[in-house]
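What follows is each chain in one-letter form.
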Amino acid sequence: MTTAYAVREAVVPEDRDACFTVRREVFVEEQGVPQELEYDTYDETAVHVLAVRADGLPLGTGRLLYGADALDRTGGDASVGSLGRLAVGKAARGLGIGAAIVRAIEGAARERGLAAVDLHAQTHALGFYERLGYEAYGPEFPDAGMPHRAMRRAL
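First things first, this report covers the structure right here in the doc.

Let's shift gears to the sheet that holds strand E3 (residues 58-65). Here we have seven strands laid out as an open sheet, ordered E1-E2-E3-E4-E5-E7-E6, and mixed in their pairing. Edge positions in the sheet fall to strand E1 (5-9) and strand E6 (135-143), since each has one partner strand and no second. Taking each pair of neighbouring strands and ignoring which way they run, the sheet shows an average axis angle of 25°.

Here is the structure:
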């Protein structure tokens, strides 16, 4: 599948619904994450980013937590945002959409005056994030039953 797509902040309800649709497909249906763990109160205040095909089909999503919402994920550092819930639909993988979403989230973090972005990567995705300039730190830990590592990239 080669396709033109756009990446934008999801500010209208339809865009946010599209983000949640992608997350349900990838995390709940494909990876078996319980729905009650996938969606949380941070969804109300997070910056959501959506990759969408020209015909409106949602391809991928991610979110940025910042300020008080991110403190428990960034070691209490308010100058660091937290990238999470990065998901690209199975049919759209390998097209650079995940990297484009990460860069859009980093742009949103810069716009909000943040100095770095942290994330909790599933261990199978460490190489993807390392290619984007993230460095792993700390021990491996479980999240939703899957092994993860914390990673950070200065902006």
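Moving on from the model shown.
The first and last C-alpha atoms of helix H1 (residues 13-30) sit 24 Å apart over 18 residues, in line with the 26 Å expected at 1.5 Å per residue. Helix geometry: H1 is bent most strongly at Arg-24, by close to 30°. Buried residues along H1 sit in contact with E1, helix H2 (35-38), strand E2 (47-53), E3, strand E4 (80-88) and strand E5 (116-122). Phi for Gly-32, located one or two positions after H1, is positive at around 75°.

Burial within E2 is extensive, with six of its seven residues counted as buried. Pairing of E1 with E2, which is carried by five bridges, proceeds in the antiparallel orientation. Bridging from a neighbouring strand, Ala-6 pairs with Val-52 of E2. Remark: four residues form the turn of the hairpin made by E2 and E3, two consecutive strands paired antiparallel; Gly-56 in that turn has positive phi of roughly 95°.

So, how was this worked out
Residues numbered from 1 in each chain as written. Predicted model: local features only at pLDDT ≥ 70, side-chain atom pairs only at ≥ 80, totals over all residues. Heavy atoms only, no water. Pairing = 2+ DSSP bridges. Helix = DSSP H or I, 4+ residues; strand = E, 2+ residues; numbered from the N terminus. Axes fitted to C-alpha atoms, helices over the stretch in contact; angles between N-to-C directions. Expected span 1.5 Å × (residues − 1). Bend = angle between axes of the 7 residues up to and from the residue. Contact = heavy atoms within 4.5 Å. Buried < 20%, exposed > 50% of the residue type's maximum accessible area, 1.4 Å probe, protein only.

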